[in-house]
Amino acid sequence: MWHGLWPLTFSGQGDYFPSRTGLDRPGGALGAEPQYGRRTVVVPQHVADRRRGAVQPLFGDDFFDRIHVEPRTLNLGNVSTVQRRAVRVWNAFRSRALALTEATLSAGEGIVLTAPGVPPMPFVPLSERAWQVAVGTDGPPVIGANLAFRFDGFAEIPVVITGQRIVAFAFVPDWSRGVLERLAWRTDILTSPLQVEQRRGLRSTPRRSFEATLIVDGRERVLLDLAVFGWGGRTWALPIWPDGQWLAAEHALGVRVLACDPAHRDFRSGGLVLLRGPTAFDTEVAEIESIGADRVVLRHPTTRAWPRGTRLYPVRAARLAESPKITRLSDQAASVAVRFEVVEPCDWSALADAPIYRGHPVLADRPDESESLSAGWQRALLTLDNELGTPFVLDPADWAAVTQSHRWRMHGRAERARVRSWLYALRGRHRAVWRPTHADDLTLLATVAGTATAADVANVGLARFAGLRPGRRDVRIELRDGRAFHRRITAAASLDDATDRITLDAALGVDVRPRDVKRISFLVLSRADSDETEIEHHTDSDGAADSALVLRAVRDRDQDDGPAPT
């Protein structure tokens, strides 16, 4: 690597040629300059006496005549299998031989150092030697070793080796009970008496945990017992069970490309994958170099052949949140309940196709109504009660925060990925979205022209009670052909007991007849009512999953809001 730079940095000649051409001599000609042989250059005395200058450093002065050790830091990350790295030492002196007196490894439990020779070791000019470092899974959970090179007459040159050891948790869950995934953000909220909020997210990514029940028997039961006994407080390579898949082809020993379908799964460049055979004893953890549309490229070749039907999982580093709960089924079988907490940041892709209204995305996905959805109103009432007379109750905001639950029933990886993107968009209680009630709130009574802003709807008390307050002044108009319009009601008046006339902030642009309307729902700017969200995986990511949360209305100001009420 370094030797190729030698011809570019040191040619063996000076920085300039002191000879002059025939044009510099008075009366000289080009033919007077010798074409070959030794040349004699005469420098006038007045030129030699007046030369001034300073030595200018070149690249060669910065690169050569020193000792290079590459790399100076070995950050191995999560070590789940034996990791091998090379440390190269180069004597970059062009004319000086050196002697390596010692190469020592400190705090290197579980690290094998293979040297190219035994010190004292001579280094002739421009020579290079390599030390092989092999880091295994046996040893302290945190790797903090130091490899020091000592040359006679030079200061010690250290190489820092860091990382953490993890062991694969190669047991599969009992899918009859599913897998529960929990995402937990943290939000700090300051609320004024008028219910205007200032929200501050305290976590850039959520804390992620998994709960599952395992059924183990035979040798796997004993393996789990000994693994938790010896490694229970350390970091595990946890397979993301819902994102598992079966390899559809044979993979020979030593391959670096795994043919699979990584779309909408938790694979990531620089992360880990777990290959699992028929039992928990047949496993291999490998590091991902890159991800393609139909493949995962590994950083190092596999150490064994993997047949068709092998399980492939993305992996996250995790710890046991608590001691597993064991229920003995027989002398050979046991049911084990485990809960893991992921110890690395877990990012996810942002929303790509959600409609935007007044600067916030619109949660246009209809909720799953196979179970009843709850709703309610929350008011910040101030009560003064002296326990003698009638209590005094004040509503300073004169506004109710509407709450409504929203449930997703997901089928397949694409729907799961979309719902997860929504959960990451909300970030717990931090961010707000527009939530339609997804109910038939207003009924159109007459055709609305494409250029008109007034519409007649059935009288439901909108002009009398809503007062154009946040939460009941924005609507979503869904047509039967799939189009949807989001508008703000700027005025409402009751024409008679059966009809209200509302004024929209903008025309719809198309003629809308009552029979064209599928539903008109109120739009409510809302945030999640909790920082924790659960995803219940009934099967792997190709099957079904459920998630639910409660959304609470907020009084965030938008671009058309005037001054805050007094």
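As the structure is a computational prediction, the values presented were derived from the model and not from experiment.

### Some thoughts on the overall build of the protein chain
Scanning the protein chain from N- to C-terminus turns up six helices and 36 strands. Taking all 566 residues of the protein chain together, the buried fraction comes to 41%. When contacts within the protein chain are restricted to residue pairs at least 6 apart in sequence, long-range pairs at least 24 apart make up 72% of them. Working note: accessible area of the protein chain is about 30,200 Å², and carbon and sulfur atoms make up 51% of it.

### Section: the confidence of the model for the protein chain
Confidence in the prediction of the protein chain, expressed as mean pLDDT, is 87, and 90% of residues score 70 or more. With pLDDT under 50 throughout, residues 1-31 is counted as low confidence; its partners more than four residues away or in other chains account for 31 contacts. This model gives residues 562-566 a pLDDT under 50, and the stretch forms four contacts once residues within four places in sequence are excluded.

### Quick look at empty space enclosed by the protein
This structure, assessed with the given rule, holds two cavities of 30 Å³ or more. Each pocket or cavity is described by its volume, and for the largest cavity that value is around 110 Å³. Lining the largest cavity are 13 residues, with Asp243, Arg416, Ala417, Arg420 and His537 positioned closest to its centre. Every element with two or more residues in the lining of the largest cavity is listed here: α5 (413-426) and β35 (532-537). A total of four residues in the lining of the largest cavity trace back to one element, the largest contributor, which is α5. A volume near 90 Å³ is recorded for the second largest cavity. What lines the second largest cavity is simply Leu442, Leu444, Val448, Ala455, Val457, Val475, Ile477, Ile502, Leu504, Leu508, Val512 and Ile520. The set of elements that each furnish at least two residues to the lining of the second largest cavity consists of β30 (454-458), β31 (474-479) and β33 (499-504). Grouping the constituent residues of the lining of the second largest cavity by class yields 12 nonpolar, no polar and no charged.

### Notes on the sheet that holds strand β1 (residues 67-70)
One open sheet accounts for four strands, arranged β1-β3-β7-β5; its pairing is antiparallel. The open sheet is flanked by β1 and β5 (111-114), the only strands paired with a single partner. With direction set aside, neighbouring strand axes in the sheet form an average angle of 15°.

### Re the side chain of Asp456
Note that Asp456 resides in strand β30. Judged by relative accessible area, which is 19%, Asp456 ranks as buried. A distance of 2.7 Å separates a polar atom in the side chain of Asp456 from a polar atom in the side chain of Arg501. Not counting residues within four places of it along the chain, the set of residues in contact with Asp456 comprises Thr443, Leu444, Leu445, Ala446, Leu495, Thr499, Asp500 and Arg501.

### Observations regarding the pattern of salt bridges
Enumeration over the complete set of coordinates arrives at 44 salt bridges. Two residues, Arg150 and Glu102, come together in a salt bridge whose shortest N-O distance is 3.4 Å. With Arg150 in strand β8 (residues 142-151) and Glu102 in strand β4 (residues 98-106), this pair connects stretches of sequence that are 48 residues apart. A relative accessible area of 27% places Arg150 in the partly exposed class. With a relative accessible area of 36%, Glu102 lands in the partly exposed category. One network of salt bridges, with partners in common, ties together Glu181, Arg208, Asp266, Arg268, Arg316, Glu344 and Arg420.

### Re the pairing of strand β28 (residues 401-411)
Among the 11 residues of β28, eight are classified as buried, and the element is accordingly described as predominantly covered. Examined bridge by bridge, strand β25 (residues 375-378) and β28 share four bridges and lie antiparallel to one another. Counterpart to Gln378 in the pairing with β28 is Ala401. Pairing analysis gives nine bridges linking β28 to strand β36 (residues 544-553), with the strands arranged antiparallel. Along β36, the bridge assignment pairs His411 with Ala544.

### Some points on the packing of aromatic side chains
Considering all chains together, one arrives at 12 aromatic pairs under this definition. Their ring planes at 85° and their centres at 5.5 Å tell us that Phe169 and Trp236 sit as a pair that is edge-to-face. Of this pair, Phe169 sits in the loop between β9 (157-168) and β10 (179-184) while Trp236 sits in strand β14 (residues 235-239), and the two are 67 residues apart along the sequence. What makes Phe169 buried here is its relative accessible area of 1%. Its guanidinium or amino end placed over the ring of Trp306, Arg304 lies 4.3 Å from that ring's centre, counting from NZ or CZ.

### Details of the environment of Thr137
Locating Thr137 in the fold gives a position in the loop between β7 (128-135) and β8. Classification of Thr137 by relative accessible area gives partly exposed; the value is 24%. With 26 residues separating them along the chain, Thr137 and Ile111 place their C-alpha atoms 9.1 Å apart. In this structure Thr137 touches Val79, Ser80, Thr81, Arg165, Ile166 and Trp231, once residues within four positions along its chain are discounted.

### Here we look at unusual backbone geometry
Glu70 connects to Pro71 through a cis peptide bond whose omega is -5°. Backbone torsion omega between Pro119 and Pro120 reads -5°, so that peptide bond is classified as cis. Its location among the elements puts Pro120 in the loop between β5 and β6 (121-123). At Arg427, a residue that is not glycine, the phi angle is positive and equals roughly 50°. Looking at where Arg427 falls in the secondary structure, it is placed in the loop between α5 and β29 (433-436). Overall, the relative accessible area of 15% leaves Arg427 in the buried class.

### Observations concerning the pairing of β33
By the bridge criterion, five bridges tie β30 to β33 in an arrangement that is antiparallel. Bridge pairing in β33 links Ala458 to Thr499. For strand β32 (residues 484-494) and β33, the ladder comprises five bridges, and the chain directions are antiparallel. Residue pairing in the sheet places Ser494 in a bridge with Asp500 of β33.

### Observations concerning the nonpolar core
Counting 48 residues, the largest nonpolar core has Phe169, Trp241, Val338, Phe340, Trp408 and Leu423 as its most contacted members. Setting aside residues up to four positions removed in sequence, Val338 forms contacts with Phe169, Phe210, Glu211, Ala212, Leu214, Trp241, Leu320 and Pro324. Judged by nonpolar contacts, the second largest core, of 24 residues, contains Ile67, Val79, Ile111 and Ala145.

Parameters at a glance
- Residues numbered from 1 in each chain as written.
- Predicted model: local features only at pLDDT ≥ 70, side-chain atom pairs only at ≥ 80, totals over all residues.
- Heavy atoms only, no water.
- Helix = DSSP H or I, 4+ residues; strand = E, 2+ residues; numbered from the N terminus.
- Buried < 20%, exposed > 50% of the residue type's maximum accessible area, 1.4 Å probe, protein only.
- Contact = heavy atoms within 4.5 Å.
- Areas by Shrake-Rupley, 256 points an atom, 1.4 Å probe, with all protein chains shown as cover.
- pLDDT = per-residue confidence, 0-100.
- 1 Å grid on protein atoms, 1.4 Å probe; cavity = no way out; pocket = protein on both sides within 12 Å on 5 of 7 lines; lining within 4 Å.
- Points joined across faces, edges and corners; volume = space filled by probe spheres on them.
- Nonpolar A, V, L, I, M, F, W, Y, C, P; charged D, E, K, R; others polar.
- Pairing = 2+ DSSP bridges.
- Axes fitted to C-alpha atoms, helices over the stretch in contact; angles between N-to-C directions.
- Polar contact = N/O pair within 3.5 Å; in protein donor to acceptor, adjacent residues only side chain to side chain.
- Salt bridge = Lys/Arg side-chain N within 4 Å of Asp/Glu carboxyl O.
- Phe/Tyr/Trp six-rings, centres within 6.5 Å; stacked < 30°, edge-to-face > 60°.
- Lys NZ or Arg CZ within 6 Å of the ring centre and 35° of its normal.
- Core = buried A, V, L, I, M, F, W, Y, C linked by side-chain atoms within 4.5 Å.

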